[in-house]
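# Inside the fold
The primary structure of each chain is shown beneath.
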Amino acid sequence: MKTDAPWPGLVQARVRVLGMQAKLHRWSNGDATARFDDLFNLVVDPAFLVMAWERVAHNAGARSAGVDGLTARAIEAESVPDFLAGLREQVKSGQFAPSPVREKLVPKSPGSYRRLGIPTIADRVVQACLVLVLEPIFEADFHPSSYGFRPRRRAWDAIAEIQMFSSRSYEWVLEGDIKACFDEIDHTALLGRVRARIGDKRVLALVKAFLKAGILSEDQVHRSSNTGTPQGGILSPLLANIALEVLDEHFAQVWASISPTRVDRSRRRRHGLPVYRLVRYADDFVVLVSGTREHAEAMREQVAAVITPMGLRLSPEKTTVVHIDEGFDFLGFRIQRHQKPGTNRRYVYTFPARKSVTSIRRKVKAISTQGTNQSLSDLLHQLNPVLRGWTGYFRHAVAKATFGYLRHFTWWRVVGWLRRKHRKSNWRTLRRRYSTTGWWPHDGEMVLFDPGKVPVTRYRYRGNIPSPWLTLSATD
């Protein structure tokens, strides 16, 4: 592909990028040992830069600035073509050097925080280019047991697979928690796995430069980044999946060697031997065991030994073994086997976890505790996306009663806010002003989102999900 071609439009760039990605994926899928030596020209290709900018500029994080203070909007106000042309020239000439990421502490739960790294817009564009080039190559190596941050895969696929296997004799569960995964990945081991597929030294140098860029904390202290890949960067999820692929590879090899067929699995069960299955979403994973508690407990040491070469370790406090009848939390869901009302049959159900319900309550309460100087429309403008997103995520769980409770809780919070705003008004006045049918708050065309009306549907297990590039017709 010519890299000195004129800058393409978005549609033309998308066609060119998808076509090249399909080729890369096909070549990688066709030869598991192939190394790609000429990828740098794609990283600086105008089409890839245009697509990378499109991703960065339309991401929710585009409004957040890195250490240089620039946002996507500020660059759009100047000139995007000039910005991309200048960035391309810097990368091509070797003058480009990533800036330290701006660290922001995001509340995770009461008393704990997640460290989020915010790169500069220029760094994000180059990282997005690297992802566009590298992802199709490594997707050919990734195993079906991994669901996090991969195309066409979502959290509900992981939940559906757990539900399916735990309903079929995989009743013991090792809940794995990798301690500070994104902070402790060993750079040498990670780059070694990247080099197994990538031979282009300039691409490898870019990846290493982003890993070593450093961190600028909230108190303006610069820290070196000798391990880990900061959360928040576009490249970080892909690199984390490459590192954690060691876990997928191990369990895939175990499955292929001891239980590739149904007959093999039945034979092992008759002899009192265990069968294992891994389900992973980024750094969250569970090992489903068809066997005994002792078999599941033995998985701790095995998993710890597999991830140690990557500089990772299990959290002793959060890595536990439970039976499916006890239930466990995973990706915000509570997965547990219960007896179906009115029958003697027992089924594995998924519910919104208690922590997830507490989290949405806290968010609704925080929004509705704000001052009353704003209008109801402004309040609903903040509330509705939160409610819509939360209920959309849990719409495939057994959540009808939870949605009803959330409807009741939100209604009272909004009505309480209205009563504080209009302290001298009675119920009848408030209802006449803010409701036309029944007593459901609205302000003009802005209506409070009703969680109780969200339909709850079953999510079907999709099995082996093909990558998006397999369906593209690409010619050499």
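Let us look at the structure shown here. Not measured: the values here are computed from a predicted model. (Residues numbered from 1 in each chain as written. Predicted model: local features only at pLDDT ≥ 70, side-chain atom pairs only at ≥ 80, totals over all residues. Heavy atoms only, no water.)

### Thoughts on the packing of aromatic side chains
Going by this rule: Pairing of aromatic rings covers Phe, Tyr and Trp, the last through its six-membered ring, and needs centres within 6.5 Å; plane angles under 30 degrees mean stacked, over 60 mean edge-to-face, and all others mean tilted. Counting from the N terminus, the helices are the DSSP runs of H or I reaching at least four residues and the strands are the DSSP runs of E reaching at least two. Only protein chains enter the accessibility calculation, which uses a 1.4 Å probe. A residue is then buried if its area is under 20% of the maximum for its type, exposed if over 50%, and partly exposed in between. We call a charge positioned over a ring when the NZ of a Lys or the CZ of an Arg lies within 6 Å of the ring centre and within 35 degrees of the ring normal.
According to the stated counting rule, one finds 18 aromatic pairs in the structure shown. The interplanar angle of 40° and the centroid separation of 5.1 Å between the aromatic rings of Phe333 and Tyr393 together place this pair among those described as tilted. In this pair, Phe333 is assigned in strand β10 (residues 333–339) and Tyr393 in helix α15 (residues 376–393), connecting sequence segments 60 residues apart. The exposure class of Phe333 is buried, given its relative accessible area of 0%. Both rings, one in Trp412 and one in Trp427, keep their centres 6.4 Å apart while their planes meet at 85°; by these two values the pair is edge-to-face. Placement of Trp412 in helix α16 (residues 400–421) and of Trp427 in helix α17 (residues 427–434) is noted, with a sequence separation of 15 residues between them. Judged by relative accessible area, which is 44%, Trp412 ranks as partly exposed. Cluster of aromatic residues (ring-pair linked, three or more members): Trp156, Phe333, Trp390, Tyr393, Phe394, Phe403 and Tyr459. Positioned over the ring face of Trp255 is Arg277, at 4.3 Å from the centre of the ring.

### Regarding the sheet that holds strand β3 (residues 172–177)
For clarity, the cut-off: Only when DSSP finds a minimum of two bridges between them are two strands counted as paired. Where helices are involved, their axes are fitted lines through C-alpha atoms of the stretch in contact, as for all axes, and angles between N-to-C directions lie from 0 to 180°.
Ordered by their spatial adjacency, 4 strands build an open sheet running β6-β7-β3-β8, and the pairing between neighbours is antiparallel. Edge strands, defined here as strands with exactly one partner in the open sheet, are β6 (275–281) and β8 (320–323). On average, adjacent strands in this sheet sit at an angle of 20° to one another, irrespective of strand direction. With 6 bridges joining them, β3 and strand β7 (residues 284–290) adopt antiparallel strand pairing. Paired with Val173 across the bridge in β7 is Leu288.

### Some details on the nonpolar core
We count it as follows: Put simply, a nonpolar core is a bunch of buried Ala, Val, Leu, Ile, Met, Phe, Trp, Tyr and Cys residues held in one set by side-chain atoms that sit within 4.5 Å of each other. Residues are treated as being in contact if the distance between any of their heavy atoms lies within 4.5 Å.
Core analysis: the largest hydrophobic core is formed by 84 residues, its most contacted members being Leu39 and Val287. The element that contributes the greatest number of residues to this core is helix α6 (residues 121–139), accounting for 13 residues. Aside from chain neighbours lying at most four places away, what touches Val287 is Trp172, Val173, Leu174, Phe251, Tyr276, Arg277, Leu278, Met299 and Val303. One finds Val364, Leu380, Phe394 and Val454 within the second-largest nonpolar core, a separate group that totals 56 residues.

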